[in-house]
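The residues making up each chain are set out below.
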Amino acid sequence: MVERKGEKIGWTWGWIGGFLWVAIVGLVFLAQGKIAAGGTGLLIFVSAIWAARRFAPWRHQTTPYWRLYLRLYLLFLLTILWAIWGFGAFDGLGGEPVNAWMLLWLLPILTPILTNGRKTWAEGETDR
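This structure is a prediction, so every number in the text was calculated from the model and none was measured.

A. Geometry of helix α3 (residues 65-86). Look at α3: 31 Å from first C-alpha to last across 22 residues, which is about the 32 Å you get at 1.5 Å a residue. Positive phi appears at Gly88, one or two residues downstream of α3, with a value of about 80°.

B. View of a positive patch on the surface. A surface patch of like charges, here positive, comprises Arg53, Arg54, Arg59, Arg67 and Arg71. Going through the elements one at a time, α2 (35-54) and α3 are the ones with two or more residues in the positive patch. Tracing the backbone through its elements, the reader meets Arg54 in helix α2.

C. The arrangement of the environment of Ser47 in detail. Mapped onto the elements of the fold, Ser47 is located in helix α2. The exposure class of Ser47 is partly exposed, given its relative accessible area of 27%.

D. Geometry of the nonpolar core. The biggest cluster of nonpolar side chains holds 30 residues, and the ones touching the most others in it are Trp11, Trp15, Phe19 and Trp82. Those elements that place two or more of their residues in this core are α1 (5-31), α2 and α3. Of the residues forming this core, the biggest block, eleven residues, is contributed by α3. The contacts of Trp15, once residues within four sequence positions are left out, are Gly10, Ala52, Tyr69, Leu72 and Tyr73.

E. Quick look at α1. Taking 1.5 Å of rise per residue, 27 residues should cover 39 Å, and α1 covers 38 Å from first to last C-alpha, within 8% of that figure. At Phe19, α1 shows its largest bend, some 40°. Every buried residue of α1 is accounted for by Trp11, Thr12, Trp15, Ile16, Phe19, Val22, Ala23, Val25, Gly26 and Phe29. Looking at the buried positions of α1, the neighbouring elements they touch are α2 and α3.

F. Quick look at the packing of α2 against α3. Running from amino to carboxyl end, α2 crosses α3 at an angle of 170°, the nearest separation of the two axes being 11 Å. Our classification of the angle between α2 and α3 gives roughly antiparallel. For the pair α2 and α3, the contacting residues are Ala36, Ala37, Thr40, Gly41, Ile44, Ser47, Ala48, Ala51 and Ala52 in the first and Leu72, Leu75, Leu78, Thr79, Trp82, Trp85 and Gly86 in the second. For the contact of α2 with α3, the per-class residue count stands at eleven nonpolar, five polar and no charged.

What counts, and where the lines are drawn
- Each residue is numbered by its place in its chain's sequence as written, counting from 1.
- Local features are withheld for residues below a pLDDT of 70 in this predicted model, meaning they are given only at 70 or higher, and side-chain atom pairs are given and counted only at 80 or more; totals for whole chains, interfaces and linings count all residues.
- To obtain the side-chain values, all non-hydrogen atoms of the structure were included, while hydrogens and water were left out.
- Runs of H or I in DSSP of at least four residues are treated as helices and runs of E of at least two as strands, each being numbered from the N terminus.
- Here the expected length of a helix is defined as 1.5 Å per residue gap, with one fewer gap than residues.
- The patches described consist of residues with a relative accessible area above 30% and no salt bridge, like charges being joined within 9 Å and nonpolar side chains (Val, Leu, Ile, Met, Phe, Trp, Tyr) within 5 Å.
- For the accessible areas, the method is Shrake-Rupley and the probe is 1.4 Å, while residue cover comes only from the protein chains on display.
- Salt bridge, as used here: a side-chain nitrogen of Lys or Arg that lies within 4 Å of a carboxyl oxygen of Asp or Glu.
- Asp and Glu count as negative and Lys and Arg as positive, but His and the ends of the chain are not part of the count.
- Think of each charge as sitting on NZ of Lys, CZ of Arg, CG of Asp or CD of Glu.
- Partly exposed residues are those whose accessible area sits between 20% and 50% of the maximum for their type, while under 20% is buried and over 50% is exposed, using a 1.4 Å probe and protein chains only.
- Among the buried residues, those of types Ala, Val, Leu, Ile, Met, Phe, Trp, Tyr and Cys that are joined through side-chain atoms within 4.5 Å form a nonpolar core.
- Here a residue-residue contact requires only that any non-hydrogen atoms of the pair lie within 4.5 Å.
- What is called the bend at a residue is the angle between a pair of axes, fitted to the seven residues leading up to and ending at it and to the seven starting from it.
- In this analysis an axis means a line fitted to C-alpha atoms, helices contributing only their contacting stretch, and an angle means the value between N-to-C directions, from 0 to 180 degrees.
- Working rule for angles: under 35 degrees goes down as roughly parallel, over 145 as roughly antiparallel, 65 to 115 as roughly perpendicular, anything else as oblique.
- The residue classification treats Ala, Val, Leu, Ile, Met, Phe, Trp, Tyr, Cys and Pro as nonpolar and Asp, Glu, Lys and Arg as charged. All others, Gly included, are polar.

Right under this line is the structure:
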């Protein structure tokens, strides 16, 4: 059996890196005195680290990747709502209004579901 260490590092650090902006913005919110927004951001970041490890494909070897991605993508969508709330766009106090067309920018992020969604970790074992 091959260890597949690079794939494990890529999964774990890729997801952590994808959510790192949440921790940084959360710390900025804390520095600005937005305790609720900052604390929530840090909580989401810690949840993302937990989810990346909990739903790692080598822990669920026969589960299709799309099911594993789904949980992390839902958490990612939560970060969008968190950022909109944290920056005050829901307050209606000026600034750019939230437009549904802005969500089109998220389509490229869904590429892994389309390209790897049906694969499983166990299938990768037989490819070697």
